[in-house]
Amino acid sequence: MTVPEQIQLENIADSDYEIFALLKQRYSPRIFKDKKVTEQHLHQLFEAVRWAPSSNNEQPWRFLYAEKGSEAYEKIIANLTGNNKLWAKNAPILMLTAYKKDTDNGNENFHALHDLGMGLGAMTVQAQYMGIAMHHMAGLDHKNAQRIFNIPKEYHIATAVAIGYYGGELEELPEKLQSKEISQRQRMPQNQFAFKHSWNTQ
Ligand SMILES: Cc1cc2nc3c(=O)[nH]c(=O)nc-3n(C[C@H](O)[C@H](O)[C@H](O)COP(=O)(O)O)c2cc1C
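Residues numbered from 1 in each chain as written. Predicted model: local features only at pLDDT ≥ 70, side-chain atom pairs only at ≥ 80, totals over all residues. Heavy atoms only, no water.

A.B. asks: I tried to follow the packing of aromatic side chains on my own but got confused; where do I start?
C.D. replies: Ring pairs (aromatic) are described by centroid distance and by the angle formed between their planes. The full count for this structure, using the stated rule, is four aromatic pairs. Between the aromatic rings of F46 and F63, the centroid separation amounts to 5.6 Å while the plane-to-plane angle is 45°, which identifies the pairing as tilted. On the criterion of sequence distance, the pair formed by F46 in helix α3 (residues 39-50) and F63 in strand β1 (residues 61-67) is long-range, its members being 17 residues apart. F63 gets classed as partly exposed once you look at its relative accessible area, which sits at 22%. Aromatic pair F46 and Y65: ring centres 5.2 Å apart, planes at 35°, arrangement tilted. Of this pair, F46 sits in helix α3 while Y65 sits in strand β1; the two residues are 19 residues apart in sequence, bridging distant segments of the chain. We classify Y65 as partly exposed; its relative accessible area is 35%. (Phe/Tyr/Trp six-rings, centres within 6.5 Å; stacked < 30°, edge-to-face > 60°. Helix = DSSP H or I, 4+ residues; strand = E, 2+ residues; numbered from the N terminus. Buried < 20%, exposed > 50% of the residue type's maximum accessible area, 1.4 Å probe, protein only.)

A.B. asks: Any chance you could explain the site of the ligand here in plain terms?
C.D. replies: Around the ligand, a shell composed of R26, Y27, S28, N84, W87, H135, H136, M137, A138, G139, R185 and R187 is seen. The contact in question runs from an oxygen atom of the ligand to an N or O atom on the side chain of S28, over 2.5 Å. Between N84 and the ligand, the recorded distance is 2.8 Å, taken from a side-chain N or O atom to a nitrogen atom. The protein chains hide 57% of the 620 Å² of surface that the ligand would expose on its own. Listing elements by their share of the shell around the ligand, those giving two or more residues are α5 (84-87) and β3 (132-137). Looking at the shell around the ligand, its residues break down into four nonpolar, five polar and three charged. (Near = heavy atom within 4 Å. Polar contact = N/O pair within 3.5 Å; in protein donor to acceptor, adjacent residues only side chain to side chain. Areas by Shrake-Rupley, 256 points an atom, 1.4 Å probe, with all protein chains shown as cover. Nonpolar A, V, L, I, M, F, W, Y, C, P; charged D, E, K, R; others polar.)

So this is what it looks like as structure tokens:
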């Protein structure tokens, strides 16, 4: 077994109950295989979003993606913050995600961020099915990104996402991030977030 395969195996969720294999296997890597994501696969990812549910079928999600080597890719890297700047450059695709703030009839769409998340959830599972990882990032100067990409004010940038096939070498990361890549994944237990019959904050 190769080292990247070993890392993938060790990152499989140690779930308390049985869940869909793709959900167990998904995680957010900081290393990626050095391979272009095919046009066909990119279309399949966006098609998964296309068929996601959204409030009133408003489909408020928008995406701006860039291939490694392009000027747009460098602009996204330049707007990442903190550790994201150190590892996201391993991804063959970087993407900005945004939502349209108002509904088509001009009212504030309170559920737009929810629906962008629905779309990204669908995209993430579709990606997993194709051996593609998506690492979502809030660590982004979204105001500056909005400005330099001339994104109209009717839209709000939510996140950046690093996208690429699972793989890559651990050595591509600085040491402090290598340990994060292989550390035990943590989750709160279900009784801390799923309440039956009455709210239960302890
Ligand atoms: C909206 C959102 C923002 C995130 N922002 C960052 C980020 O800026 N940098 C980062 O390394 N990971 C980021 N993550 C990844 C989370 O840290 C990760 O999903 C979480 O720790 C659980 O790990 P897992 O995805 O490997 O299961 C983000 C995830 C989401 C959904």
